[in-house]
Amino acid sequence: MLRVGSKAACMACRNLVSTNMGVRFRVPLQKLHPLSRAIHHRYSSNPNPQRAPHRTAARYFTSMSRLPMRPPKPPPGSGGRGHQQQRNFWVARLAVRLLKLRYILLGSAVGGGYTAKKTYDEWKDMLPDFSEYNWVIPDFVWELSEQIDLDKLAKALPEIEEIAKLLPDLDKIGENFTFIKSLLSSETSGDPPLKATDTSAAATQDGNDKQYKKSSDRERVDQLQEELLRTQLKYQRMLERLEKENKELRKVVLQKDDKGIHRRKVKKSLIDLYSEVLDILSDYDSNYNTQDHLPRVVVVGDQSAGKTSVLEMVAQARIFPRGSGEMMTRSPVKVTLSEGPHHVAMFKDSGREFDLSKEEDLAALRHEIELRMRKSVKEGQTVSTETISLSVKGPGIQRMVLVDLPGVISTVTAGMAADTKETIFSISKAYMQNPNAIILCIQDGSVDAERSIVTDLVSQMDPQGKRTIFVLTKVDLAEKNLASPSRIQQIVEGKLFPMKALGYFAVVTGRGSSSESIDSIKDYEEDFFQNSRLLRDGMLKAHQVTTKNLSLAVSDCFWKMVRESVEQQADVFKASRFNLETEWKNNYPRLRELDRNELYEKAKNEILDEVISLSQVTPQHWESMLQKKLWERVSTHVIENIYLPAAQTMDSGTFNTTVDIKLKQWTDKQLPHKALEIAWETLQEEFARFMAEYKGKDQDDIFDKLKEAVKDESIKRHKWNERAMDSLRVIQHNALEDRSITDKPQWDAAIGFMEETLQSRLKDTESVIRDMVGPDWKQRWLNWKNRTPDQHIRNETKNELERLLKLHDDHTAYLANDEVTTVRKNLEGRGVEVDPVLIKDTWHQLYRRHFLQNALSHCNLCKRGFYYYQRHFVDSELECNDVVLFWRIQRMLVITANTLRQQLTNTEVRRLEKNVKEVLDDFGEDQERKSHLITGRRVQLAEDLKKVREIQEKLEAFIEALHKEK
């Protein structure tokens, strides 16, 4: 291919790429598309920078550069022939030029596309293989994508069209607000009033129009506000639903995390390992008397003696809430101090770090400690035994574990519980009676030593003073107020108190202002002791002053005690573990050692499986149960209040009218309520049946109490959807209005249903009559039974009434007064005194038996009456309207059972499942309720085993780290 612009190019090539052809581009290279610049820089061989770049690219890729070269134009004066030929074929030359232009464009397009594809492939090959860097992304990210159903989330989100429908019409709102703005501006403007028109009628009409516009605009604004409120409510419900789904997804992720998806081993410091052991021991309560004798520093003192201030100086941060004279420390606070690059604090059960170099974080930490203290105090109490665990790290902090206890008080003041003083004493004694606990006794130096209570308490717990360190606070105030400074010397030398101690220290914790910083307090403390005559005159020694020396001494004593006692404590827990494991093997050899939480999770899975089984009940089972229970509940009403009264009528027309009226009244008032009650009872029975039938080989009786509580609470929370009652009433009314029996099988089914019902009622009636009259002659002879006097009277009354029925076979359901008198006189003639009420009661049962016997006989006759029914009983003495009634009742039962079954399976079962899950979640978060529902020696033994093993493992890890540090 020829390169245009080279020195060897001929005249034809120059004409081919003449500037007269194509389109002129005046766009510089910098403004071209990046792909165009890449093609230019890669393939352009034009050495002349002045030449337009697009021409070179076009010439390089066009296929026209191989066309035969056109001869050059002859010079002027060479003859007219050539000129004439050129002039005669100007149309041909124009066509050739157009064809050249088409080929140039086509070639440029093909060449540009090929070059772009080749450049893209080269760029793609230059990129590294990112699949090799998959290890950078944690595994839980890939497994998270498997756990989260993105399709489900996408389906849960509303469609764009639905969201658009929820939004108000912004155009209308804009028009309305524009109009309101103009209206308000016109009312508030200072324009001169309009001139009155010639006629008062026109002015009145104009005013009415304005008032109408104002009222219509207000209505539109009110409508828009209501629409906005409805939209906000809809969005709020959508957000709540999404937040709930997000909560469930987070729960799945956390469960996966508990199984160890992205758990990383972090090397913990020595003091952190020891603090974890103490945290576990704080919740440990064993029946084997394995007491917690691990060392820790117990800070005790009178109220407002400066305990918290000393602890803050040791921690180098003002982390505790403060109050003027009132009790602020309401529960024990365990503070784990350790050295670290940053000065931070963190609670045991929280992942938030408080930056102690920032005042806002310090305020938040103090507020959080105060909230936790108040939350731990039970109603009616002042202090709590629940321990708040806190860790503080920072540069230069001595490693130790301190427990700040509530201040000892001498008098219970207003607002405190009556047992506050005794409770504080018991908490202090519980911590100090540990033989390996270091007691940091805080004494207020600004008050008389005789007023102190804590010194006597410490002397009782540690009479030899082998583990007590005495600290005298507020020495600056003591030096100023005391007339004899030698009294301070007697205190720090242990000569004033009978209490003995390992060491005595004097400290200053500030000027008493809560706004002072730790650095300013340190400076003040150092300045005071440098200028104090106590140190200058030799009353105090240099190693006995400042909180820095105190923290060093306490830390050394703490670690000395730890090294001396920790291995002994590990052996104690090892022996306790052996005893617990032996008891488990002897009592529960074939059971796993599951603690309370693990047992709860197992029970939770079983209950959820049982609830899922409830949704797998077949529709036929639901409908058969509903139909059977509904008929048992309403059969008495149908027989006594509908069938019997209607059967007393004389003709079929009156019978059908009576039946229709009574069925309509029954449907409007009672039937739908009865049907919903039956459905709710059926659901409860099935739920209880599944909970009871789940017992098998793997069933654990320890779950019975929990399952019963879950069942009762779920049923209590479940509310039946009452909106279905209206639709059910309509369905039942339409079913009872239908009288058209279409085929013989339906007729036979109605006959069978009627016969079964009447026989059951006749059997019950005969049983009642037997109980009234007592045993007959056969039972009296064979079983040696006799009638009571009341049964004898009823038997004579029955015989007399039976004779009356034989004489009047078509007798009505009620006896007339003269008939009652006749029966009574006949019985008196035979020496039987009888009450009229007893006669009527006996007649009621006898007539029921007589009526049911006749109805059964009529039912047998109607078995062949379907032919007459189809002819509407024309020219027939047989009338089977009672069969039609029972067919209507039977059809209503079938349709009602089907409707209730649909509501159960589609709505109520799912709502019950949701309630069960919510109840299980609530129970799972309530540790007290779990302890009440899952209890027993087996559970407690498993809990103790788990705790003892965890403590032993932590202690062994701590001892190993302690040896390595040595």
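See the structure shown above.
Residues numbered from 1 in each chain as written. Predicted model: local features only at pLDDT ≥ 70, side-chain atom pairs only at ≥ 80, totals over all residues. Heavy atoms only, no water.

If you had to explain the overall build of the chain to someone new, which residues and values would you point to?
When you go through the chain residue by residue, the secondary structure sums to 35 helices and nine strands. Sequence-distant contacts, at least 24 apart, represent 80% of the contacts inside the chain between residues at least 6 apart. Summing over all exposed atoms, the chain offers an accessible surface of approximately 57,900 Å²; the carbon and sulfur share of this is 52%. (Helix = DSSP H or I, 4+ residues; strand = E, 2+ residues; numbered from the N terminus. Contact = heavy atoms within 4.5 Å. Areas by Shrake-Rupley, 256 points an atom, 1.4 Å probe, with all protein chains shown as cover.)

Lay out the packing of helix H22 (residues 619-647) against helix H31 (residues 836-861) in plain terms, naming residues and giving numbers.
Viewed as axis vectors pointing N to C, H22 and H31 meet at an angle of 75 degrees, and their least axial separation amounts to 12 Å. The angle between the axes of H22 and H31 places the two elements in the roughly perpendicular class. On H31, the residues touching Glu640, Tyr643, Leu644 and Ala647 of H22 are Arg848, Phe851 and Ala855. Residue composition of the contact of H22 with H31, grouped by class: five nonpolar, no polar and two charged. (Axes fitted to C-alpha atoms, helices over the stretch in contact; angles between N-to-C directions. Parallel < 35°, antiparallel > 145°, perpendicular 65-115°, else oblique. Nonpolar A, V, L, I, M, F, W, Y, C, P; charged D, E, K, R; others polar.)

Run through the nonpolar core, naming residues and quoting values.
Proteins that are soluble and globular tend to have nonpolar side chains buried together. Counting 98 residues, the largest nonpolar core has Tyr643, Trp666, Leu683, Trp747 and Ile889 as the members making the most contacts within it. It is helix H33 (residues 881-925) that contributes the most residues to this core, 17 residues altogether. Leave out the neighbours within four places in its chain, and Tyr643 touches Val638, Met754, Leu758, Phe851, Ala855, Asp882, Leu885 and Phe886. (Core = buried A, V, L, I, M, F, W, Y, C linked by side-chain atoms within 4.5 Å. Buried < 20%, exposed > 50% of the residue type's maximum accessible area, 1.4 Å probe, protein only.)

Please provide a residue-by-residue account of the pairing of strand S6 (residues 400-404), values included.
Consecutive residues of a regular strand have side chains that alternate between opposite faces of the sheet. Burial runs high along S6: five of the five residues are buried. With burial as the criterion, each face of S6 is covered, one bearing Met400, Leu402 and Asp404 and the other bearing Val401 and Val403. Relative to S6, strand S1 (residues 297-301) runs parallel, the two sharing three bridges. Its bridge partner lying in S6, Val298 is registered against Val403. In this structure, strand S2 (residues 333-339) lies alongside S6, joined through five bridges in antiparallel fashion. Looking at S6, one finds that Lys334 is bridged to Val403. (Pairing = 2+ DSSP bridges.)

For the state of the cysteines, give the residues involved together with the corresponding values.
Counting across every chain of the model gives one disulfide. At a sulfur-sulfur separation of 2.1 Å, the disulfide partner of Cys862 is Cys880. Looking down the S-S bond of the Cys862 and Cys880 bridge, the torsion is -100 degrees, so its handedness is left-handed. Of the two residues, Cys862 is situated in the loop between H31 and helix H32 (866-870) and Cys880 in the loop between H32 and H33; the sequence distance between them amounts to 18 residues. Cysteine Cys859 remains unbridged, with the sulfur of Cys862 as its closest cysteine sulfur at 6.8 Å. (Disulfide = S-S within 2.5 Å.)

Outline the environment of Leu626, listing residues and values.
Among the secondary structure elements, Leu626 is positioned in helix H22. For Leu626, a relative accessible area of 1% puts it in the buried group. Among all residues touching Leu626, those that are not within four sequence positions of it are Ile678, Ala679, Thr682, Ala897, Leu900, Arg901 and Leu904.

Tell me about the side chain of Arg848, and please be specific about residues and values.
Mapped onto the elements of the fold, Arg848 is located in helix H31. Among residues more than four places away in sequence, those in contact with Arg848 are Glu640, Leu644, Arg761 and Thr765.

Go over a negative patch on the surface, please, and point to the residues and values.
On the surface, Asp519, Asp523, Glu526 and Asp527 cluster together into a patch of negative charge. By the element assignment, Glu526 lies in helix H18 (residues 518-531). The class of Glu526 is partly exposed, set by a relative accessible area of 43%. (Patch = residues over 30% accessible without salt bridge, like charges linked within 9 Å, V, L, I, M, F, W, Y side chains within 5 Å. Salt bridge = Lys/Arg side-chain N within 4 Å of Asp/Glu carboxyl O. Lys, Arg positive; Asp, Glu negative; His and termini not counted. Charge placed at Lys NZ, Arg CZ, Asp CG, Glu CD.)

Describe the sheet that holds strand S3 (residues 344-347), listing the residues and the values that go with them.
Within the open sheet, the nine strands sit side by side as S4-S3-S5-S2-S6-S1-S7-S8-S9. Their pairing is mixed. The open sheet has two free edges, formed respectively by strand S4 (354-355) and strand S9 (503-506), since each of these has just one partner strand.

If you had to explain the pairing of strand S8 (residues 468-473) to someone new, which residues and values would you point to?
In terms of residue burial, S8 counts as a mostly covered element, since six of its six residues are buried. Here S8 runs beside S9; their pairing, made up of four bridges, is parallel. In the strand pairing of S9, Ile469 is matched with Gly503.

How would you summarise the packing of aromatic side chains if you had to cite specific residues and measurements?
Counted by the stated rule, this structure contains 16 aromatic pairs. Judged by centre distance (5.0 Å) and plane angle (55 degrees), the ring pair of Trp631 and Phe753 falls under tilted. Of this pair, Trp631 sits in helix H22 while Phe753 sits in helix H27 (residues 744-773), and the two are 122 residues apart along the sequence. The residues Trp631 and Phe753 share a single accessibility class, namely buried. (Phe/Tyr/Trp six-rings, centres within 6.5 Å; stacked < 30°, edge-to-face > 60°.)

Just give me the short version of the pattern of salt bridges, but keep the residues and values in it.
Per the stated rule, a full pass over the model turns up 43 salt bridges. The salt bridge involving Arg949 is made with Glu593; its shortest N-O contact spans 2.5 Å. One end of the pair, Arg949, is in helix H35 (residues 937-965); the other, Glu593, is in the loop between helix H20 (547-587) and helix H21 (596-614), and 356 residues separate them in sequence. The partner of Asp738 in a salt bridge is Arg891, with the nearest N and O atoms 3.6 Å apart. Of this pair, Asp738 sits in the loop between helix H26 (724-737) and H27 while Arg891 sits in helix H33, and the two are 153 residues apart along the sequence. A relative accessible area of 21% places Asp738 in the partly exposed class. On the accessibility criterion, Arg891 (29% relative accessible area) is partly exposed. Here the salt bridges do not stand alone but share partners, grouping Arg577, Glu581, Glu593 and Arg949 into one network.

Quick rundown of the side chain of Thr308? Include the residues and the values.
With respect to the helices, strands and loops of the structure, Thr308 is situated in helix H12 (residues 307-315). For Thr308, a relative accessible area of 16% translates into the label buried. Look past the residues within four positions of Thr308 in its chain and what remains in contact with it is Phe320, Arg322, Thr329 and Asp404.

How would you sum up a nonpolar patch on the surface? Please name residues and give values.
Taken together, the side chains of Trp777, Trp781 and Leu782 present a nonpolar region at the surface, about 480 Å² in accessible area. Its location among the elements puts Trp781 in helix H28 (residues 777-783).

Give a description of unusual backbone geometry that names residues and reports values.
Of note, Ser304 is a non-glycine position whose phi angle comes to about 65 degrees, a positive value. Judged by relative accessible area, which is 44%, Ser304 ranks as partly exposed. Backbone geometry places Lys474, a non-glycine residue, at a positive phi of 55 degrees. The residue Lys474 is located in the loop between S8 and helix H16 (475-481) in this model. Taking relative accessible area as the criterion, Lys474 reaches 22% and is therefore assigned partly exposed.

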